[in-house]
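Next come the chains, spelled out residue by residue.
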Amino acid sequence: MAAGGALIMTVVLRLARRRLLSTRYAIGWLAVGAMVALAAGIMPFVGRIGKLANMSPTAVLLAMSSVLLLVISVQLSISVSQLQERLRTTAEAHALLARRLDEVERRAE
Amino acid sequence: MPNDPLVVIPAFNEQDCIGEVVREVTAAGHDCLVVDDGSTDHTLAVARATGVPVLALPINLGVGGALRAGFRYAVDHGYSIVVQVDADGQHVASHVDELIAALADDGAHLDMVVGSRFSGGSDYDISRVRRWCIRLLSWVIARSGHVELTDPTSGFRAIRSPLLDAFAADFPHHYLGDTFEAILVSARRGYRIGEVPVVMRPRQGGRPSADVMALGQAMARACTILLTGTTFDLPSRAPVDDPPASADRS
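Please read all numbers here as calculations on a predicted model, not as lab measurements.

A. Broad picture of the overall build of chain A. For chain A, the count of helices and strands is 3 helices and 0 strands. Listing every helix and strand of chain A by position from the N terminus yields α-α-α. Relative to the compact-globule value of 13 Å for 109 residues, chain A shows a C-alpha radius of gyration of 23 Å, a clear excess of over 25%. A burial count over chain A gives 6% of its 109 residues as buried. Sequence-distant contacts, at least 24 apart, represent 49% of the contacts inside chain A between residues at least 6 apart.

And the structure:
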């Protein structure tokens, strides 16, 4: 577990350094790596939670990671929606500017 | 001074109709702007060949995106009234004057006039499911916006300042957003909306934009809008008796 967390954090740092990942997301994924590493510490509790909820420790871990993945994908959807809106605004501005450039060029001729 | 109104024609893959629609509008003496919504056919070339101004969106944004760009163009060029006309030839250019006349009526102080297929004598042929959906949307607008409109999804509308300036700043681009939601938000914000009966022709070519799947999607969208609230907002309408507030843009 701890090794897995460390691996995630290393990969994220590499990606961020090569500019494949923006700082904003790098922070998020570093937090995920840290959580995975820390999860090693709560392993003894997983069994107890499992007993309380009548679930096997494996099921508890799976459920926890599913929730984590769900939160991450919702966050990504929010980002995509924002990007869509920005793309739209940019495309509209582009069309208006292209038209103005046309007018200016015609006047210059 | 610009020659109000500006007729804005959003066009997506309408190469067979767009030329004739532009000719009809300019023959009626109106200024005209075509917004090509990232068409993949020859719409852009046909529109440019007519000689009217053309905005070319680099990607397909949907009617709302094309319209917001058109509204922005109108405001920047000093127009205070825009009439939106479909590119498929359904709308008859002679009705543009009737929409404008309704806007100009001093007693009513209307900010938007919608051309309706269903009020008055026109018997526009439409599937029963679609008709029922439109009735439902009308009912929602009547309940929530307190405006009686028989054809809230009509794409044949006249819009004037200050609503035009508000739309140029923010306008929804998803399907039904440009019609149903825009009307709903405008009505809630105190803008006055009226309708006039118009006759619409069957589309002159191309394919209808809304098949059964799109209709289902649209209804799901309408329900989402009602559940989650509207996706955009407008500044409230100044009271009618006051002089119109100048739109502040920095």
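B. Spatial organisation of the overall build of chain B. Along chain B, the regular secondary structure elements total 8 helices and 7 strands. Split into buried and exposed, the 250 residues of chain B put 48% on the buried side.

C. A look at the nonpolar core. All names here are of chain B. Counting residues in each nonpolar core, the largest one holds 78 residues, and the members touching the most others are Ile 9, Val 34, Val 35 and Val 82. Broken down by element, the residue count for this core peaks at 8 residues, all from helix H3 (residues 63–76). Among all residues touching Val 34, those that are not within four sequence positions of it are Ile 9, Ala 11, Ile 18, Val 22, Ala 47, Val 52 and Val 54.

D. Representation of the interface of chain A and chain B within the structure. The partner chain B presents 13 residues to the 8 residues of chain A that form the contact. By residue class, the composition of the side of chain A that touches chain B is 4 nonpolar, 1 polar and 3 charged.

E. Representation of the sheet that holds strand S7 (residues 193–197) of chain B in the model. Residue and element names in this part refer to chain B. Spatial strand order, S3-S2-S1-S4-S6-S5-S7: 7 strands in an open sheet with mixed pairing. For this open sheet the edge positions go to strand S3 (54–56) and S7, each flanked by a neighbour on one side alone. Across the sheet, the mean angle from the axis of one strand to that of its neighbour is 20 degrees, orientation sign disregarded. Pairing of strand S1 (residues 6–11) with strand S2 (residues 31–36), which is carried by 6 bridges, proceeds in the parallel orientation. Paired with Ala 11 across the bridge in S2 is Asp 36.

F. Expanded view of the packing of helix H2 (residues 23–53) of chain A against helix H3 (residues 57–108) of chain A. Residue and element names in this part refer to chain A. The interhelical angle for the contact between H2 and H3, taken along N-to-C directions, is 100 degrees, at an axis separation of 8 Å. With respect to H3, the axis of H2 lies roughly perpendicular. Facing H2, whose interface residues are Val 46, Gly 47, Ile 49 and Gly 50, H3 presents Pro 57, Ala 59, Val 60 and Leu 61. Among the residues making up the contact of H2 with H3, the classes are represented as 6 nonpolar, 2 polar and no charged.

G. Inspection of unusual backbone geometry at higher detail. In this chain, Ser 161 of chain B is followed by Pro 162 of chain B through a cis amide linkage whose omega measures 5 degrees. Along the polypeptide, Pro 162 of chain B turns up in the loop between strand S6 (157–160) and helix H6 (163–169). For Asn 54 of chain A, which is not glycine, the phi dihedral falls at a positive 60 degrees. Residue classification places Asn 54 of chain A among the exposed positions, given that 7 C-beta atoms sit within 10 Å. In this structure, His 146 of chain B is a non-glycine residue whose phi angle is positive, near 60 degrees. Looking at the element boundaries, His 146 of chain B is found in the loop between helix H5 (128–145) and S6.

H. Representation of the confidence of the model for chain B in the model. All names here are of chain B. For chain B, mean pLDDT is 84; residues scoring 70 or higher make up 87% of the total. Segment residues 242–250: pLDDT under 50, and 6 contacts once partners within four positions in sequence are set aside and those in other chains are kept. Scoring of the predicted complex yields 0.79 for pTM and 0.75 for ipTM.

I. Region of interest: helix H1 (residues 2–17) of chain A. The terminal C-alpha atoms of H1 of chain A lie 23 Å apart, and with 16 residues this matches the ideal 22 Å at 1.5 Å per residue to within 8%. Positive backbone phi, approximately 65 degrees, marks Arg 19 of chain A, located one or two places after H1 of chain A.

J. Fine view of the packing of H1 of chain A against H2 of chain A. Residues and elements named next belong to chain A. Where H1 contacts H2, the two axes come as close as 7 Å, and the packing angle between them is 170 degrees. Considering the angle they form, H1 stands roughly antiparallel to H2. On the side of H1, the interface is formed by Ala 2, Gly 4, Gly 5, Ala 6, Ile 8, Met 9, Val 12 and Ala 16, while H2 contributes Thr 23, Ala 26, Trp 29, Leu 30, Val 32, Gly 33, Ala 34, Val 36, Ala 37 and Ala 40. The residue inventory of the contact of H1 with H2, partitioned by class, reads 14 nonpolar, 4 polar and no charged.

What counts and how
- Residues numbered from 1 in each chain as written.
- Chains lettered and ligands numbered in written order.
- Predicted model: local features only at pLDDT ≥ 70, side-chain atom pairs only at ≥ 80, totals over all residues.
- Helix = DSSP H or I, 4+ residues; strand = E, 2+ residues; numbered from the N terminus.
- Rg over C-alpha atoms; globule rule 2.2 N^0.38 Å.
- Buried ≥ 20, exposed ≤ 12 C-beta atoms within 10 Å, placed from the backbone.
- Contact = placed C-beta atoms within 7 Å.
- Core = buried A, V, L, I, M, F, W, Y, C linked by C-beta atoms within 7 Å.
- Nonpolar A, V, L, I, M, F, W, Y, C, P; charged D, E, K, R; others polar.
- Pairing = 2+ DSSP bridges.
- Axes fitted to C-alpha atoms, helices over the stretch in contact; angles between N-to-C directions.
- Parallel < 35°, antiparallel > 145°, perpendicular 65-115°, else oblique.
- pLDDT = per-residue confidence, 0-100.
- Expected span 1.5 Å × (residues − 1).

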